[in-house]
Amino acid sequence: MVFQKEHLDLYLVPSGLLIMFAYHLFLLQRYIKNPHTTVIGFENNDKIAWVKKIMQTENRDVTTALDVLASNNSGATFLATVCLTLSSLIGAWMANSSTLFRSELIYGDTRPVTISIKYISLIIFFLVAFSCFVQSSRCFIHANYLISIPNSEVPASYVELAVIRGGDFWSIGLRALYFAITLLLWFFGPIPMFVTSIGMVFLLYYLDTNKSPLLQHYHSSTNQPPLKSLEEML
């Protein structure tokens, strides 16, 4: 069988996606077993300390806590809106049957079926990101309710769970956008997509790796020992 440029999509695109998925499985394994070695675990340690500080302090400053959660909620809402808008634009582009990405300058499979697969794959990841950001916003709103209940004895663990879940959904939504970026490069051929996948893995490994020691947070108003870190709690 004679090798044709259309065959590049069959080899490079699945390979690029497999590399991305393998890296995120590796990251998940590190996050579960050694969370302090990841930036996500490092940030969760600070979030837990922040919630404990808010919930354990008498006459806690609810306004400041709600402002912090509102900023996270605004960011999640904005990214959800962006993802939904891009999905709508891509759908409209598909309906117009543009021939921009069927040029002979693109070295790869430019058949209409393959172009449709590219559009659908990109829309799927944008919709996954949209769903995750919406869930992130829901968790932050739930944390707002828990913190602002007057004269309540809500356990700090409830608020911690809502805040950390919101952050986890936020992280998954960002990962979906990273996959969408690599698929966007697929429109210019399988080679740019494969190279971008490898470059993205190296970049994410640098951004996701934490080498700083976990902060030991003290309660300023009492002589309590430092709050337990995420690694100790797990």
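Residues numbered from 1 in each chain as written. Predicted model: local features only at pLDDT ≥ 70, side-chain atom pairs only at ≥ 80, totals over all residues. Heavy atoms only, no water.

Undergrad: Describe the overall build of the protein, naming the residues involved and giving the relevant values.
TA: Of regular secondary structure, the protein possesses seven helices and zero strands. For the protein, the succession of helices and strands along the chain, N to C, is α-α-α-α-α-α-α. Every one of the 234 residues in the protein was classed for burial, and the buried ones make up 40%. For the protein, restricting intrachain contacts to residue pairs at least 6 apart in sequence, the fraction spanning at least 24 positions comes to 79%. Carbon together with sulfur atoms contributes 67% to the accessible area of the protein, which is approximately 13,500 Å² in total. (Helix = DSSP H or I, 4+ residues; strand = E, 2+ residues; numbered from the N terminus. Buried < 20%, exposed > 50% of the residue type's maximum accessible area, 1.4 Å probe, protein only. Contact = heavy atoms within 4.5 Å. Areas by Shrake-Rupley, 256 points an atom, 1.4 Å probe, with all protein chains shown as cover.)

Undergrad: So what's going on with the nonpolar core? Residues and values would help.
TA: Counting residues in hydrophobic clusters, the biggest one holds 27 residues, and the most contacted among them are Leu122, Phe126 and Phe133. At the level of elements, helix H1 (7-33), helix H3 (62-96), helix H4 (112-148), helix H5 (156-186) and helix H6 (190-208) are the ones that each hand at least two residues to this core. In terms of residue count, H4 provides more of this core than any other element does, eight residues in total. The next biggest cluster of nonpolar side chains, apart from the first, holds 14 residues, and it includes Val51, Ala65, Leu69 and Ala156. (Core = buried A, V, L, I, M, F, W, Y, C linked by side-chain atoms within 4.5 Å.)

Undergrad: An account of the UniProt feature "transmembrane region" (unreviewed entry) in the protein is needed here, citing residue identities and associated values.
TA: In the UniProt entry, the feature "transmembrane region" (unreviewed entry) is given for residues 12-32, 76-95, 116-136 and 176-207. For residues 12-32, helix accounts for 100% and strand for 0%, while the C-alpha atoms at its two ends are 30 Å apart. A helix fraction of 91% and a strand fraction of 0% characterise residues 176-207, whose end C-alpha atoms lie 16 Å from each other. (UniProt positions renumbered as here; feature names shortened; annotations may be inferred.)

Undergrad: How would you summarise the packing of aromatic side chains if you had to cite specific residues and measurements?
TA: Taken as a whole and assessed by the stated rule, the structure comprises five aromatic pairs. Measuring from centroid to centroid gives 5.0 Å for Tyr119 and Phe187, while their planes differ by 55 degrees, and the two rings are tilted. With Tyr119 in helix H4 and Phe187 in the loop between H5 and H6, this pair connects stretches of sequence that are 68 residues apart. As far as burial versus exposure is concerned, Tyr119 and Phe187 are alike and both buried. Of the aromatic side chains, those joined through ring pairs into one cluster are Phe21, Phe125 and Phe179. (Phe/Tyr/Trp six-rings, centres within 6.5 Å; stacked < 30°, edge-to-face > 60°.)

Undergrad: Lay out the packing of helix H2 (residues 39-56) against H5 with the relevant residues and their values.
TA: The interhelical angle for the contact between H2 and H5, taken along N-to-C directions, is 150 degrees, at an axis separation of 9 Å. When the axes of H2 and H5 are compared, the pair comes out roughly antiparallel. Classified by chirality, the crossing of H5 by H2 is right-handed. Along the contact surface, H2 presents Ile40, Asn44, Lys47, Ile48, Trp50, Val51, Lys52 and Met55, while H5 presents Ala156, Val159, Glu160, Val163, Ile164, Gly167, Asp168, Ser171 and Arg175. Among the residues making up the contact of H2 with H5, the classes are represented as nine nonpolar, three polar and five charged. (Axes fitted to C-alpha atoms, helices over the stretch in contact; angles between N-to-C directions. Parallel < 35°, antiparallel > 145°, perpendicular 65-115°, else oblique. Left-handed = near helix turned anticlockwise from the far one by under 90°. Nonpolar A, V, L, I, M, F, W, Y, C, P; charged D, E, K, R; others polar.)

Undergrad: Give me the side chain of Asn210: which residues, what numbers.
TA: Within the element layout of this structure, Asn210 appears in the loop between H6 and helix H7 (230-233). Since its relative accessible area comes to 12%, Asn210 is described here as buried.

Undergrad: Talk me through a nonpolar patch on the surface; I want residue IDs and the actual numbers.
TA: On the surface, Ile19, Ile198 and Phe202 cluster together into a nonpolar patch covering about 270 Å² of accessible area. Within the secondary structure layout, Ile19 lies in helix H1. (Patch = residues over 30% accessible without salt bridge, like charges linked within 9 Å, V, L, I, M, F, W, Y side chains within 5 Å. Salt bridge = Lys/Arg side-chain N within 4 Å of Asp/Glu carboxyl O.)

Undergrad: I'd like a rundown of the environment of Ser157, residues and numbers included.
TA: Within the secondary structure, Ser157 is located in helix H5. Classification of Ser157 by relative accessible area gives partly exposed; the value is 44%. Along the backbone, Ser157 and Met55 are 102 residues apart, and their C-alpha atoms lie at a distance of 9.6 Å.

Undergrad: Lay out the side chain of Ser197 in plain terms, naming residues and giving numbers.
TA: Along the polypeptide, Ser197 turns up in helix H6. Excluding its chain neighbours within four sequence positions, the residues that come into contact with Ser197 are Gly16, Met20 and Thr182.

Undergrad: Help me get a handle on the pattern of salt bridges, residues and values and all.
TA: On inspection of all chains with the given rule, the structure shows two salt bridges. Among the salt bridges present, the one from Glu160 reaches Lys52, with a minimum N-O distance of 3.3 Å. Placement of Glu160 in helix H5 and of Lys52 in helix H2 is noted, with a sequence separation of 108 residues between them. Judged on exposure class, the residue Glu160 and its partner Lys52 are both buried. Asp208 is paired through a salt bridge with Arg175; the nearest N and O atoms lie 2.8 Å apart.

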